[in-house]
Amino acid sequence: MRTEAQKKLKEGITTGTCAAAAAAAAVAAYFGRFPRAVGVALPDGAGKMFVDVHSTQTLQLPDGGKAISATVIKYAGDDPDITHGAQIGARVSIVANDSNEIKVRGGPGVGKVTRPGLPVPVGASAINPVPRKMIAQEVAKRLPKDKCYSVSVEIFVKDGALLSQRTLNPRLGIVGGISILGTTGIVKPFSARSYRDTIDICLRSARAGDQKTCVLSTGRRSERLAQAHYPRLDERCFVQIADFFFHALKTAVALGFAQIVLVGFFGKLCKWAMNMMYTHAASGHTDFGYLSRLAHETGRSEGFCAFVSGANNARHIFTAGCQEVPLFVETIGQKALHNAGNMIHHAAAVTICLWDYDERLYKKWKSTALR
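Residues numbered from 1 in each chain as written. Predicted model: local features only at pLDDT ≥ 70, side-chain atom pairs only at ≥ 80, totals over all residues. Heavy atoms only, no water.

1. Considering the overall build of the chain
Step number 1: Secondary structure summary: the chain contains 12 helices and 18 strands in total.
Step number 2: Along the first, second and third principal axes, the C-alpha atoms of the chain reach 75 × 50 × 40 Å.
Step number 3: Counting across all 371 residues of the chain, residues that qualify as buried make up 49%.
Step number 4: Of the contacts formed within the chain by residues at least 6 apart in sequence, a portion of 67% connects residues at least 24 apart.
Step number 5: The distance from the centre of the 46 positive side-chain charges to the centre of the 29 negative ones in the chain is 2 Å. (Helix = DSSP H or I, 4+ residues; strand = E, 2+ residues; numbered from the N terminus. Buried < 20%, exposed > 50% of the residue type's maximum accessible area, 1.4 Å probe, protein only. Contact = heavy atoms within 4.5 Å. Lys, Arg positive; Asp, Glu negative; His and termini not counted. Charge placed at Lys NZ, Arg CZ, Asp CG, Glu CD.)

Structure (structure tokens):
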């Protein structure tokens, strides 16, 4: 990615990668190896990231055993990330066992989840599933193979509680620290103009290949699901648009695509239904008051409308499990489809594909071009 001045932007590493690297360094040190850097496998077989070790420390436990603490420094590259420079660490204790067991929990500076609707259940540490898996895998790699061990891993973040006040965590009901996040292991720097330019280039490339359909995804996860769902489409048809809803639609129509497919999860669908042209959180949060009014206008019960109004996030609504949810999702999908058609003056057929959080196709909405 390049900025307006065509200077290449530097990538960074996620808090999840940092936590996995710290845990790996701590386990290695426990068994007498004190690495200056550790290699962490990125998710989905995307390669390996080497992370410098900032510190290691041996801790004596009250029962006479020992624990090892290791830290790394979070590097965000050119992304404006408030966790850049933060110390992220892992404290591990290990005992021989009948079978290998690895337990991961959050310590000081890692938030606790207090509201539903997040990938982590209420009461658990805010360590998302992918980072949790990365931590366990890196720990397992570094255990000796001659016997089995029970490993306790505590992830901590220096000044994490203070850092969390500059994030969306308090709004989401994550208290006491930051979240350990990341689905790719890498932080990609964000430049709005560069991203728009990238969308344009990708769409032009597809049209140059005489493609009539483009599939606009909100990110890598939804794109991967769409590629599996539309296996016959040329790979150039798939374009990640992130938050640039209106820009991508406008460009696709200007280039002459006859069929536009939008794919994503319920959070973005709600913002499309709100007619947000740019859906990044910095531009505007999901308006649950508006969604509640929309539910009321379409005949949902007063109790459900109140629930929507007070929801923690869109996922909270989607996964609520009550019988009014499918009817409400249908309303949101139809509204999003209507808004997308209006934005492009119905110059192309539009399909919206919604995935649930278990990565299954939940519903499709389709419209036809009027000209």
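2. A short note on the pairing of strand S17 (residues 349-355)
On any regular strand, side chains alternate: one points to one face of the sheet, the next to the other face.
Step number 1: Counting buried residues along S17, 7 of its 7 residues qualify, which places the element largely inside the surrounding structure.
Step number 2: By the alternation rule, side chains of S17 split into Ala349, Thr351, Cys353 and Trp355 and Val350, Ile352 and Leu354, which are all buried.
Step number 3: Bridge count between strand S16 (residues 259-264) and S17: 6 bridges; the pairing is parallel. Bridge pairing in S17 places Gly264 opposite Leu354. (Pairing = 2+ DSSP bridges.)

3. Thoughts on the sheet that holds S17
Step number 1: Here we have 5 strands laid out as an open sheet, ordered S15-S14-S16-S17-S18, and mixed in their pairing. Edge strands, defined here as strands with exactly one partner in the open sheet, are strand S15 (238-240) and strand S18 (361-367). Mean inter-strand twist for the sheet, computed between neighbouring axes without regard to direction, equals 20 degrees.
Step number 2: Of the strands in this sheet, strand S14 (213-217), S15, S16, S17 and S18 are in contact with helix H6 (residues 220-229), which crosses S15 at around 170 degrees. (Axes fitted to C-alpha atoms, helices over the stretch in contact; angles between N-to-C directions.)

4. A few points about the packing of aromatic side chains
Step number 1: In this structure the tally under the stated criterion is 12 aromatic pairs.
Step number 2: Ring centres of Phe304 and Phe307 lie 6.0 Å apart, and the angle between their planes is 50 degrees; on these two criteria the pair is classed as tilted. Taken together, the positions of Phe304 and Phe307, both in helix H10 (residues 302-309) and 3 residues apart, correspond to about one turn of that helix.
Step number 3: In this arrangement the basic side chain of Lys66 is found over the ring face of Tyr30, its NZ or CZ atom lying 4.6 Å from the centre. (Phe/Tyr/Trp six-rings, centres within 6.5 Å; stacked < 30°, edge-to-face > 60°. Lys NZ or Arg CZ within 6 Å of the ring centre and 35° of its normal.)

5. Side note on the pattern of salt bridges
Pairs may arise between side chains of opposite charge once their charged atoms sit close together.
Step number 1: If you walk through the whole model with that rule in mind, you get 16 salt bridges.
Step number 2: A salt bridge links Lys74 to Asp81, with the nearest nitrogen and oxygen atoms 3.1 Å apart.
Step number 3: When salt bridges that share partners are traced, they join Arg91, Arg105 and Glu154 into one network. (Salt bridge = Lys/Arg side-chain N within 4 Å of Asp/Glu carboxyl O.)

6. A closer look at helix H2 (residues 129-141)
Step number 1: Here H2 spans 18 Å end to end across 13 residues, near enough to the 18 Å set by a 1.5 Å rise per residue.
Step number 2: Along H2, the residues classified as buried are Pro131, Met134, Ile135, Glu138 and Val139. In an axial view of H2, the angular spread of the buried residues amounts to 125 degrees, which keeps them on one side of the axis.
Step number 3: For H2, the elements touching its buried residues are helix H1 (15-30), strand S2 (37-41), strand S7 (101-106) and strand S10 (148-157). (Expected span 1.5 Å × (residues − 1). Arc of directions from axis to C-beta.)

7. Concerning the confidence of the model for the chain
Step number 1: With 96% of its residues at a pLDDT of at least 70, the chain reaches an overall mean of 92.
Step number 2: Considering only residues more than four positions removed or in separate chains, one finds that residues 1-6, a stretch of pLDDT under 50, has 17 contacts. (pLDDT = per-residue confidence, 0-100.)

8. What to know about helix H12 (residues 325-343)
Step number 1: An ideal rise of 1.5 Å per residue puts 27 Å on 19 residues; H12 measures up with 27 Å between its terminal C-alpha atoms.
Step number 2: The complete set of buried residues in H12 reads Val325, Phe328, Val329, Thr331, Ile332, Gly333, Ala336, Leu337, Asn339, Ala340, Gly341 and Met343.

9. Thoughts on the environment of Gln259
Step number 1: Its location among the elements puts Gln259 in strand S16.
Step number 2: Considering only alpha carbons, one finds Gln259 and Ile344, 85 residues apart in sequence, at a separation of 12 Å.
Step number 3: With near-sequence residues (within four places) excluded, Gln259 lies in contact with Lys212, Thr213, Cys214, Ala349, Val350 and Thr351.
Step number 4: In terms of polar contacts, Gln259 uses its side chain to reach the side chain of Thr351, at 2.8 Å. (Polar contact = N/O pair within 3.5 Å; in protein donor to acceptor, adjacent residues only side chain to side chain.)

10. Looking at the side chain of Asp200
Step number 1: As for its placement among the helices and strands, Asp200 is situated in helix H5 (residues 192-208).
Step number 2: We note that Asp200 is buried and unpaired, the nearest opposite charge coming from Arg204 at a distance of 4.6 Å.
Step number 3: Once you skip the residues sitting within four places of it in the chain, Asp200 turns out to touch His247 and Thr251.

11. Comments concerning the pairing of S18
Step number 1: As paired elements, S17 and S18 share 6 bridges and run antiparallel to each other. Residue pairing across strands places Val350 opposite Ser367, the latter belonging to S18.
Step number 2: In this structure, the hairpin formed by S17 and S18 is closed by a connection of 5 residues, where Glu359 is found at a positive phi of approximately 70 degrees.

12. Overview of the side chain of Asp356
Step number 1: Its place among the elements puts Asp356 in the loop between S17 and S18.
Step number 2: For Asp356, a relative accessible area of 9% corresponds to the buried category.

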